[in-house]
Amino acid sequence: MDVAIFVMDGVADFGFTALLEAFSTANGLREGLSAPPEPWNVQVVSLGSSVLSGHGHTIPTVRLDDLGGRLDVMMVPAVNVLRAEALIRLVSGDENRAVLQRIREIYERGAHLAAACSGTFFLAESGILDGSAATTSWWLGPSFRRRYPNVRLDENLTVCRGRHIITAGAALSHLDLAISLIHGSSPAIADLVGRYMAAGNRKSQANFVVSEVIARGDSMTAAFERWVREHLAERFRISQVAHELGTTERSLQRATLAELGMSPKDFVDEIRLEQAAKLFRETALTVDAVARKVGYLNGSTLRNLARRRRDMSLAELRSPRLMW
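Cut-offs and rules
- Residues numbered from 1 in each chain as written.
- Predicted model: local features only at pLDDT ≥ 70, side-chain atom pairs only at ≥ 80, totals over all residues.
- Heavy atoms only, no water.
- Salt bridge = Lys/Arg side-chain N within 4 Å of Asp/Glu carboxyl O.
- Helix = DSSP H or I, 4+ residues; strand = E, 2+ residues; numbered from the N terminus.
- Buried < 20%, exposed > 50% of the residue type's maximum accessible area, 1.4 Å probe, protein only.
- pLDDT = per-residue confidence, 0-100.
- Contact = heavy atoms within 4.5 Å.
- Axes fitted to C-alpha atoms, helices over the stretch in contact; angles between N-to-C directions.
- Left-handed = near helix turned anticlockwise from the far one by under 90°.
- Pairing = 2+ DSSP bridges.

Caption draft 1: View of the pattern of salt bridges. Scanning the model with the defined rule gives 12 salt bridges in all. For arginine 281, the salt bridge goes to glutamate 38, with nearest N and O atoms at 2.2 Å. Taken together, the positions of arginine 281 in helix 12 (residues 264-282) and glutamate 38 in the loop between helix 1 (13-29) and strand 2 (41-46) put the pair 243 residues apart, joining distant regions of the chain. Since its relative accessible area comes to 28%, arginine 281 is described here as partly exposed. In this structure, aspartate 269 engages lysine 265 in a salt bridge whose closest nitrogen and oxygen atoms are separated by 3.1 Å. Here aspartate 269 and its partner lysine 265 are both found in helix 12, 4 residues apart, which amounts to about one turn of the helix. Overall, aspartate 269 belongs to the buried group, its relative accessible area being 4%.

Caption draft 2: How the structure looks around the confidence of the model for the protein. On average, residues of the protein carry a pLDDT of 86, and 91% of them reach 70 or more. In the predicted structure, residues 202-218 sits below a pLDDT of 50 and forms 35 contacts with residues beyond four places in sequence or in another chain. Between residues 320-324, whose pLDDT stays under 50, and residues either more than four places distant or in other chains, the model counts 15 contacts.

Caption draft 3: Representation of the side chain of serine 173 within the structure. Tracing the sequence through the fold places serine 173 in helix 6 (residues 173-185). Excluding residues that lie within four positions of it along the chain, serine 173 makes contacts with Thr158 and Ala168.

Caption draft 4: Region of the structure containing the packing of helix 1 against helix 7 (residues 187-196). For the pair helix 1 and helix 7, interaxial distance at closest approach is 9 Å and the crossing angle is 120°. Every pair of crossing elements has a handedness; the one defined by helix 1 and helix 7 is right-handed. Mapping the contact onto sequence places Ala22, Thr25, Ala26 and Leu29 in helix 1 and Ile189, Leu192, Val193 and Tyr196 in helix 7.

Caption draft 5: Fine view of the sheet that holds strand 2. Here we have 7 strands laid out as an open sheet, ordered 5-2-1-6-7-11-10, and mixed in their pairing. A strand with exactly one partner marks an edge of an open sheet, and here the two such strands are strand 5 (62-63) and strand 10 (159-161). Summarising the sheet, strand 2 and strand 5 pair through 2 bridges and their orientation is parallel. Across the sheet, serine 46 pairs through a bridge with arginine 63, a residue of strand 5. Helix 4 (residues 119-126) contacts strand 6 (73-76), strand 7 (112-116) and strand 11 (165-168) of the sheet and is inclined by roughly 135° relative to strand 7.

Caption draft 6: Local environment of the pairing of strand 6. Neither face of strand 6 is left uncovered, since the one carrying Val73 and Met75 and the one carrying Met74 and Val76 both have all their residues buried. Where strand 1 (residues 2-6) lies against strand 6, 3 bridges are found, and the strand directions are parallel. Along strand 6, the bridge assignment pairs alanine 4 with methionine 74. The sheet contact formed by strand 6 and strand 7 spans 4 bridges and is parallel. Opposite methionine 75, over in strand 7, you have alanine 114 as the bridge partner.

Caption draft 7: Local environment of the environment of alanine 178. Locating alanine 178 in the fold gives a position in helix 6. For the pair alanine 178 and proline 37, spaced 141 residues apart in sequence, the C-alpha to C-alpha distance is 16 Å. Not counting chain neighbours up to four residues away, the residues in contact with alanine 178 comprise Leu19, Ala22, Phe23 and Met75.

Caption draft 8: A look at the side chain of arginine 229. Within the secondary structure, arginine 229 sits in helix 9 (residues 220-230). For arginine 229, a relative accessible area of 4% gives the class buried. Beyond its immediate stretch of four places on either side in the chain, arginine 229 contacts Leu33, Ser34, Ala35, Pro36, Pro37, Ser185, Ile271 and Glu274.

So, in structure tokens, the structure goes:
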């Protein structure tokens, strides 16, 4: 997956580096799975060749315009501005018109957008959050709601996941945002990243915003993914997997729908398609042989599945293109 972290002068050092560390950790943990997902290819981008962080550090960047269409998701971390009035002046100022235009263009191309803390104001100011649910830093909520009344704001959430846009709350929520994106490709790795980075289990609210969404990822879905990857060549029933995980098929169905937006069977098909694509690219196995290795009786089943779920032929599945 091609991930761009879009930075500008004044980017918050902690939020920016939290995103980098989360994806780096995820890539380092991939090989722990018997059939790991594709790596996350992360680039730091801006409108120029470098920016100065909020603490004055020079960050070399790739020019956003040089990426072309090679982008699955773009993330906008916070800027080092605490007060809402100053933040609104920043995002609405003439100096950031080009930033807002790029955000709109990338969204219209079909890429996923993600932002945390004050970075969410850039998405809202661009207009792409109109009509959508979102969250932001708890202390910025009243100003956000007044300026962007067409956004369904819930600042009680740490992470708010929409169809193509994910928003997150304050400071530490950058880590939750990254884990949420990793979770979309691999709940098992997302669970490990949270454990390795001691992200905690922030499922209740005290004096700061906490989400139950990430707490769910500890989780039945992660255990389900690990089990499927370990038994990928086998033909099994979802009820059998649920029994071995110590739960019911109905509970497993609820968990995957809540966390992934798909049924357990569809998630199994996604994992099998992902592994089939990897085998096609890295081996000279026949279509039928690949199908058997990922748990299907023959190549025609795999061919039909690729067409139905990805709208791709098996020849297209062989391509090294990264997919969300």
